[in-house]
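Report on the structure
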Amino acid sequence: MLRLSGEVYSEVIAHALSGLPNEACGLLAAPGGGEVVDRFFPVRNAAESSQIYRLDDAEYLQVERTADDEGLALVAVMHSHTHTTAYPSPTDVRDASAFDPFGALLYVIVSLKDPEPSLRCYRILDGGITEEPVLVEG
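Below, the structure is looked at part by part. (Residues numbered from 1 in each chain as written. Predicted model: local features only at pLDDT ≥ 70, side-chain atom pairs only at ≥ 80, totals over all residues. Heavy atoms only, no water.)

Here the focus is the packing of aromatic side chains. The geometry of two aromatic rings is summed up by the distance between their centres and the angle between their planes. What the rule picks out here adds up to two aromatic pairs. Ring geometry for Tyr60 against Phe99: centres 5.6 Å apart, planes inclined by 75°, an arrangement best described as edge-to-face. Here the residue Tyr60 occupies a position in helix H2 (residues 57–69), and Phe99 occupies one in helix H3 (residues 90–99), the gap between them amounting to 39 residues. Overall, the relative accessible area of 17% leaves Tyr60 in the buried class. (Phe/Tyr/Trp six-rings, centres within 6.5 Å; stacked < 30°, edge-to-face > 60°. Helix = DSSP H or I, 4+ residues; strand = E, 2+ residues; numbered from the N terminus. Buried < 20%, exposed > 50% of the residue type's maximum accessible area, 1.4 Å probe, protein only.)

Read across the sheet, six strands follow the order E4-E2-E5-E6-E7-E8 without closing on themselves; strand pairing throughout is mixed. Because the sheet does not close on itself, it has two edges, and the strands there are strand E4 (39–43) and strand E8 (128–132). Within the sheet, the average angular offset between the axes of one strand and its neighbour, ignoring direction, is 30°. Together, strand E2 (25–31), E4, strand E5 (72–81), strand E6 (106–111) and strand E7 (118–125) form the strand contacts of helix H1 (residues 6–18), whose direction differs from that of E4 by roughly 15°. (Pairing = 2+ DSSP bridges. Axes fitted to C-alpha atoms, helices over the stretch in contact; angles between N-to-C directions. Contact = heavy atoms within 4.5 Å.)

Sheet architecture is open: three strands sit in the order E3-E1-E9, paired in parallel fashion. Across the chains shown, the open sheet's two edge strands, defined by having one partner strand only, are strand E3 (36–37) and strand E9 (134–137). The sheet contact formed by strand E1 (residues 2–5) and E9 spans four bridges and is parallel. Within E9, the residue paired with Leu4 across the bridge is Val136.

What follows is about H2. Here H2 spans 19 Å end to end across 13 residues, near enough to the 18 Å set by a 1.5 Å rise per residue. For H2, the full list of buried residues reads Tyr60, Val63, Thr66 and Ala67. One side of H2 holds all its buried residues, which, seen down the axis, span an arc of 125°. Opposite its buried face, H2 presents the exposed residues Asp57, Ala58, Asp68 and Asp69, each directed more than 90 degrees away. Turning to H2, the residues buried within the fold contact E2, E4, E5 and H3. Where H2 begins, one side-chain oxygen reaches toward the backbone nitrogen of Ala58, 3.2 Å away; that side chain belongs to Asp56. Phi turns positive, to about 70°, at Gly71, one or two residues after H2. (Expected span 1.5 Å × (residues − 1). Arc of directions from axis to C-beta. Polar contact = N/O pair within 3.5 Å; in protein donor to acceptor, adjacent residues only side chain to side chain.)

The structure is reproduced here in structure tokens:
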């Protein structure tokens, strides 16, 4: 299960919308890798595309350093889909398998296809996709 503070949920949705017309991306962190995500790190989409995302390498390294310094653990990667549902595409599955071969991270997708954004979460491991429940707290 992915548990988000209300503030983080709002930040994720706002970042997804601000990235239009391109996909937006970022990282989510929790204290000590705990259950409640209370920090969102927007990261530049280095692909600058409406169809794919790539976390900017330099920003990713900076986020890792900041999270470590603050006692946080990265628990999820977020990106938006500008015109499709909040479900991993074949490219998303391939990229997740290369980036996170042990399935340690969750993958949050925000669909902007409809007027109301939709946020869903998945674990991707060995090409398999498992949806994880999302609980927004507060």
